[in-house]
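# Fold and contact review
Chain residues, written in single-letter form:
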Amino acid sequence: MSAGPREPFENPVIEWFDSRLPIFTMMQKEYGVFPTPKNFNYFWSFGGIAMTMLILMIVTGIFLAMNYTPQENMAFDSVEHIMRDVNYGWMLRYLHMNGASFFFIAVYTHIFRGMYYGSYKKPRELLWILGVIIFLLMMATAFMGYTLPWSQMGGWAATVITNLFSAIPFVGDSIVTLLLGGFAVGNPTLNRFFALHYLLPFVIVGIVFVHVWALHVTGSNNPLGIDVKGPQDTLAFSPYYTAKDMFGLAVFMLAYIAVTFFAPNMLAHPDHYIQYNALQTPAHIVPEWYFLPFYAMLRGITFGFNLYILAGIGIIGAALWPVYTKGKALKDPLLGMTIIPAVTDFGQYSKKFFTMLAIAGVVFMLGYFSQTMGLPLPFSKWVLLDSKLGGVIAMFGSIAILFVMPWLDSHPVRSARFRPQFKVAVLAMTASVAILGYIGAQTADAMLFGVIQWVYIGQILTGYYFAFFVIILPWLSVTEKASPMPNSINEAVLQENARKAGAR
Amino acid sequence: MSSYENTPPHDTEDGATRRDFLYLTAGGFAAIGAASFAWPFIDSMNPAADTLAMSTTEADLSKIEEGSAITVIWQGKPVFIRHRTADEIKAATDVDVSTLRDPETDGKRAQKPQWLVMIGICTHLGCIPLGQKKTEPKGEFGGWFCPCHGSEYDSAGRIRKGPAPKNLVVPKYTFLTDTTIRIG
Ligand code: HEM
Ligand code: FES
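Figured I'd write up the structure that's included with this text.

What counts and what doesn't
Residues numbered from 1 in each chain as written. Chains lettered and ligands numbered in written order. Predicted model: local features only at pLDDT ≥ 70, side-chain atom pairs only at ≥ 80, totals over all residues. Heavy atoms only, no water. Salt bridge = Lys/Arg side-chain N within 4 Å of Asp/Glu carboxyl O. Helix = DSSP H or I, 4+ residues; strand = E, 2+ residues; numbered from the N terminus. Buried < 20%, exposed > 50% of the residue type's maximum accessible area, 1.4 Å probe, protein only. Pairing = 2+ DSSP bridges. Disulfide = S-S within 2.5 Å. 1 Å grid on protein atoms, 1.4 Å probe; cavity = no way out; pocket = protein on both sides within 12 Å on 5 of 7 lines; lining within 4 Å. Points joined across faces, edges and corners; volume = space filled by probe spheres on them. Nonpolar A, V, L, I, M, F, W, Y, C, P; charged D, E, K, R; others polar. Patch = residues over 30% accessible without salt bridge, like charges linked within 9 Å, V, L, I, M, F, W, Y side chains within 5 Å. Areas by Shrake-Rupley, 256 points an atom, 1.4 Å probe, with all protein chains shown as cover. Near = heavy atom within 4 Å. Polar contact = N/O pair within 3.5 Å; in protein donor to acceptor, adjacent residues only side chain to side chain. Sits in = over half its atoms within 2 Å of the grid points. Donors = N, O, S within 2.8 Å, 3.2 Å for Na, K, Ca; no water. Tetrahedral: all angles 85-135°; square planar, octahedral: opposite > 155°, others 65-115°.

### As for the pattern of salt bridges
Opposite charge on two side chains makes pairing possible when the charged atoms of those side chains draw close. Residues and elements named next belong to chain A. Going through the model one piece at a time under the given rule, you end up with 19 salt bridges over all chains. One salt bridge in this structure joins Lys121 and Asp409, with 3.3 Å as the shortest N-O distance. Linking Lys121 in the loop between helix H5 (89–116) and helix H6 (125–147) with Asp409 in the loop between helix H16 (405–408) and helix H17 (420–440), this pair joins segments that are 288 residues apart in sequence. For Asp409, the salt bridge is made with Arg419, and the minimal N-O distance between the two is 3.2 Å. Taken together, the positions of Asp409 in the loop between H16 and H17 and Arg419 in the loop between H16 and H17 put the pair 10 residues apart, joining distant regions of the chain. Note on Arg419: relative accessible area 0%, which makes it buried. Among the charged side chains, a salt-bridge network with shared partners connects Lys121, Asp409, Arg419 and Glu480.

### Considering the pairing of strand S1 (residues 57–60) of chain B
Residue and element names in this part refer to chain B. Residue alternation in S1 divides its side chains into a buried set, Thr57 and Ala59, and an unburied set, Glu58 and Asp60. Two elements, S1 and strand S9 (residues 180–183), share 4 bridges in a ladder whose sense is antiparallel. Of the residues in S9, the one forming a bridge with Thr57 is Ile183.

### Some thoughts on the state of the cysteines
Residues and elements named next belong to chain B. According to the stated counting rule, one finds 1 disulfide over all chains in the structure shown. What pairs with Cys127 in a disulfide is Cys148, and their sulfur atoms sit 2.0 Å apart. On the sign convention where negative is left-handed, the bridge of Cys127 and Cys148, at about -90° about the S-S bond, is left-handed. Highlighted residues: Cys127 in the loop between strand S4 (115–119) and strand S5 (142–145) and Cys148 in the loop between S5 and strand S6 (152–154), separated in sequence by 21 residues. The pair formed by Cys127 and Cys148 is uniform in burial state, with each residue classed as buried.

### Overview of empty space enclosed by the protein
Residue and element names in this part refer to chain A. For the structure shown, the criterion picks out 3 cavities of 30 Å³ or more. Taken together, 32 residues line the largest cavity, and the ones lying closest to its centre are Met57, His96, Gly145, Leu148 and His197. Looking at the lining of the largest cavity, the elements that each hand over two or more residues are helix H3 (46–65), helix H4 (75–84), H5, H6 and helix H9 (187–218). Residue composition of the lining of the largest cavity, by class: 24 nonpolar, 6 polar and 2 charged.

### A closer look at a nonpolar patch on the surface
Residues and elements named next belong to chain A. Where nonpolar side chains cluster on the molecular surface, the patch consists of Val362, Met365, Leu366, Phe369, Met373, Leu375, Phe449, Val451, Ile452 and Tyr456 and spans about 940 Å² of accessible area. In terms of residue count, the dominant contributor to the nonpolar patch is helix H14 (residues 346–372) (4 residues). Tracing the backbone shows Met373 in the loop between H14 and strand S4 (383–385). The class for Met373 is exposed, based on a relative accessible area of 53%.

### Some points on the site of ligand 1
Residue and element names in this part refer to chain A. Taken together, 26 residues are adjacent to ligand 1, and Arg93, His96, His197, Tyr198 and His272 come closest. His272 places a polar side-chain atom, nitrogen or oxygen, 2.6 Å from an oxygen atom of ligand 1. Structurally, ligand 1 is housed in the largest cavity. Elements that contribute at least two residues to the shell around ligand 1 include exactly H3, H5, H6 and H9. Ranked by residue count, the leading element in the shell around ligand 1 is H3, at 7 residues. Counted by class, the shell around ligand 1 contains 19 nonpolar, 6 polar and 1 charged residues.

### Re the coordination of the iron atom of ligand 1
Residues and elements named next belong to chain A. Around the iron atom of ligand 1, the protein contributes the donor atoms His96 (NE2) and His197 (NE2), which lie 2.0 Å from the metal centre. Coordination at the iron atom of ligand 1 comes from 6 donor atoms whose angles at the metal span 88 to 179°, giving a geometry best classed as octahedral. Residue His96 is located in helix H5, and its partner His197 is located in helix H9; the two are separated by 101 residues in the primary sequence.

Spelled out as structure tokens, the structure:
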């Protein structure tokens, strides 16, 4: 944390302080003159917005905690007391409740930015991984916060989510009991969730600190995804980006404040205002909107993974092996013998690749139909992974896979602007997640236009989500031709300015 | 001092030194120590003695009319007690057990055919299935329907459709008289 050689400050008080603890020098270096690519768009405002939301959640949370009681007979009433009696209690609570939603909006946008412009790639892999950890901690925090008002929705969300762990073979039930501190969601659960809900945001602050630290080692990516080559490519962070970020933040806050004050329950559910009843599950339980896509994936796995399905997945893995190993496996004698005989060059390989993918698809679908429609196939009842565990693995796997994204996509070009195929694929993935979110909010047996059950569409989209990461990214890494790129950020910016001037 | 620093490590034939051994044993003991220290913290999160206190619940069956059900609480969990009709029993015994996801005969699930006693927690993710009251949906198989993700149980509480992997659990219970049972 040493700031290195110091420039003395003119103000004697600051100078006295800084020569003993160089905080001012550090701030000046990291947030004042910090060289920042000059072509940022507003997607780059969302990191700062997320940070602001985190601070806001902590401040509103601490003041809520002063009037909140984590006890099963009192929690619900204490939240109502905050809403009715505590001065500005309604405001604190609505800021906190909607703040969680807007925090997630900011972070989802931030993650999308990272994917679209390839910010996860070398040299920013660790920065990306720290981000995924923050995302996981946020989800845990929000989930536990949601049980604190001790409502029907919150209590049953806690039941369903903790029971996910019961899918783990042998030790699952013991883990659920450990998490709940009892045999069902009850007072011990509420108490510990409050303790952890108070703690985790501060852990997030810690990780955000190293996240930003790592950012300031590698420097920011930018919409072109090309490296900064010199001072002509950058601007000082302040005042240029402090001003731009401030404007972005203001617009975002306007939306947040509008919802908080004019439609504070827009994203809430009526069952969230009924006290938790351990003997009555609400007729239609739905998680908070920011969990819906993952919830849809969980519900989408209605079939067990039998030998056919696993074989299908195995063939895809084998077909991709040369891609994963960057061509080394093309010469692998074992693979050459069994799977893709006589493949020596890439052209030949790619033909075989699509054949194998088709075979894998057929085998997979046979397994799928034998599980869901009772297609009578030999051994199709041998399920190695039942639907419950499969659903849980899909749900957690969909986030875990983000950790390895930097290695699944090894294409040298970062930004989707210069990768036409990746651009389509990543936008389709984003759309899939959005539609999955819609499906997650429907009842289990809801129909689309009365023709097809939504759950089948959810299965296709879940399949695409995973295919994007495990098949499309590695495949495009070795096959996609990038479109021509500018030589430098500066050149691109000047061209853009000239184009705009010409148009005027 | 310097003679100590210059002492060459006592190499054995395969290149391992005495210091390697010390590192390993010290590391091993540190790991055991850390785990033993962590255990009380982890175990403090498990159910406390009063939660665990192996309580039993007695239920009076005499007031349950044929075709209706009651819910009693045992260890914080709902227990469904259903007085089944002859039709329901017949439907449950007529099923070909080998076609079931979690094969179990009706006889194994009910000590006396007219009384079905089960823990009312869906084996999928822990919601409480509907079907206890006459007005509630019972699903295609005339038993219970879980509102959370649509699992359907038959009139013996066996899983027939939806994501749940297992039948509703039958707790240990004994008939004290013809019309009272003790659960647990
Ligand atoms: C990462 C930051 C945080 C997130 C995402 C978050 C999320 C949430 C959510 C979703 C709720 C439920 C709101 C509702 O439905 O009523 C909640 C409630 C609560 N949170 Fe947080 N929270 C955060 C930080 C904090 C902190 C730092 C504290 C305390 C120091 C805190 C204290 C509370 C309290 C007391 C409640 C219950 C009162 C209420 O429901 O409004 N939160 N939180
Ligand atoms: S909890 Fe009953 S179907 Fe999921």
